[in-house]
Amino acid sequence: MSLSAPETAVVPGVAGPARPTDRPRVFETWTLVEGPVEHGDKRGRELGFPTANLPIEDGVARDGVWAATVELADGRLVPATVSIGRRTTFYGRDGVRLLEAFLLDFSEDIYGQHIRVWIGHRLRLQKRFSSVEALIEQMRSDVDDTREWAKVTPWFLTQASRDWTGR
Ligand SMILES: Cc1cc2nc3c(=O)[nH]c(=O)nc-3n(C[C@H](O)[C@H](O)[C@H](O)COP(=O)(O)O)c2cc1C
């Protein structure tokens, strides 16, 4: 396995609902993207949302903002809000496509660490925001949605998906 290129796989699993009132969607798929963490621009930190970034090729995973679980190199599972896209608010349509994971309640430096991002439930599509304040407000709400999702997402099924792929 090359450490320079992220690997992906789509595995059957169970993703939790975005809101606790939703019915659970059984047999939704998880998408796995993995690779070594790259530094983001420091803007993420300035916005209050520092992210662990992975480069991803076109065609790998779908653009949007997702509720996800990040598996660290030591096996710990951390809920994360994941943005996949070209960050059109700042870079227009020509921006580099990137996966950015904001790990909830987490402040360790994981630069260079090989992580697995288990992408579960799409919260919304990527948008071009007319102001940075509007983007920040939306990101706060994305994180709230991720917390709700994490409360009702059965971690043992994440584990089951992992066993299923033999990883
Ligand atoms: C939860 C979350 C949601 C995001 N949603 C969008 C979005 O809808 N549109 C967009 O242009 N950028 C979005 N971004 C990307 C931010 O613009 C990006 O994190 C910010 O520019 C900092 O990244 P950089 O330091 O790599 O430039 C999102 C990021 C996060 C963490």
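Analysis parameters
Residues numbered from 1 in each chain as written. Predicted model: local features only at pLDDT ≥ 70, side-chain atom pairs only at ≥ 80, totals over all residues. Heavy atoms only, no water. Helix = DSSP H or I, 4+ residues; strand = E, 2+ residues; numbered from the N terminus. Buried < 20%, exposed > 50% of the residue type's maximum accessible area, 1.4 Å probe, protein only. Contact = heavy atoms within 4.5 Å. Areas by Shrake-Rupley, 256 points an atom, 1.4 Å probe, with all protein chains shown as cover. Polar contact = N/O pair within 3.5 Å; in protein donor to acceptor, adjacent residues only side chain to side chain. Phe/Tyr/Trp six-rings, centres within 6.5 Å; stacked < 30°, edge-to-face > 60°. Lys NZ or Arg CZ within 6 Å of the ring centre and 35° of its normal. pLDDT = per-residue confidence, 0-100. Pairing = 2+ DSSP bridges. Salt bridge = Lys/Arg side-chain N within 4 Å of Asp/Glu carboxyl O.

## Let's talk about the overall build of the protein
Helix and strand counts for the protein come out as four helices and seven strands. For the protein, the succession of helices and strands along the chain, N to C, is β-β-α-β-β-β-α-β-β-α-α. Sorting the 167 residues of the protein into buried and exposed places 46% on the buried side. For the protein, the proportion of contacts with a sequence separation of at least 24, taken over those separated by at least 6, is 68%. Total accessible area on the protein stands at roughly 9,000 Å², and carbon and sulfur atoms take up 51% of it.

## Concerning the environment of Gly-75
Its place among the elements puts Gly-75 in the loop between strand S4 (64–71) and strand S5 (77–85). Placed 41 residues apart in sequence, Gly-75 and Arg-116 show a C-alpha to C-alpha distance of 9.5 Å.

## Overview of the side chain of Thr-89
With respect to the helices and strands, Thr-89 occurs in helix H2 (residues 88–91). Of note is the side chain of Thr-89, whose polar atom sits 3.5 Å from the backbone oxygen of Lys-127. Of the polar contacts made by the side chain of Thr-89, one reaches the backbone nitrogen of Phe-129; its length is 3.0 Å. Look past the residues within four positions of Thr-89 in its chain and what remains in contact with it is Lys-127, Arg-128 and Phe-129.

## Brief notes about the packing of aromatic side chains
Considering all chains together, one arrives at one aromatic pair under this definition. Their ring planes at 65° and their centres at 5.0 Å tell us that Phe-49 and Phe-102 sit as a pair that is edge-to-face. Of this pair, Phe-49 sits in the loop between helix H1 (43–46) and strand S3 (52–55) while Phe-102 sits in strand S6 (residues 98–103), and the two are 53 residues apart along the sequence. On the basis of relative accessible area, Phe-49 is assigned to the buried category, the value being 11%. Residue classification places Phe-102 among the buried residues on the basis of a relative accessible area of 17%. The ring of Phe-90 is capped by Arg-43, whose NZ or CZ atom sits 3.9 Å from the centre of that ring.

## What to know about the confidence of the model for the protein
Taken over all residues, the pLDDT of the protein has a mean of 80, while the share at 70 or more is 74%. Taken together, the stretch residues 1–5 has pLDDT below 50 and engages in five contacts with residues farther than four places along the chain or on a different chain. Counting contacts from residues 12–27, a segment whose pLDDT is below 50, to residues more than four positions away or on other chains yields 40 contacts.

## Observations concerning the pairing of S5
Of all nine residues in S5, eight are buried; the element is thus mostly enclosed. Pairing geometry for S4 and S5, over eight bridges, is antiparallel. By the bridge assignment, Ala-67 is partnered in S5 with Thr-81. Between S4 and S5, which pair antiparallel one after the other, the connecting turn spans five residues, and Gly-75 there sits at a positive phi close to 95°. Bridging between S5 and S6 involves six bridges; their strand directions are antiparallel. In the sheet register, Ser-83 faces S6, and the bridge partner there is Glu-100.

## Concerning the pattern of salt bridges
This structure, assessed with the given rule, holds nine salt bridges. Ionic pairing is found between Glu-108 and Arg-76, a salt bridge with its closest N-O pair at 3.0 Å. With a gap of 32 residues between them, Glu-108 in the loop between S6 and strand S7 (114–124) and Arg-76 in the loop between S4 and S5 connect regions that are remote in the sequence. The class for Glu-108 is partly exposed, based on a relative accessible area of 42%. Several salt bridges converge on common partners, so that one network encompasses Glu-34, Glu-71 and Arg-116.

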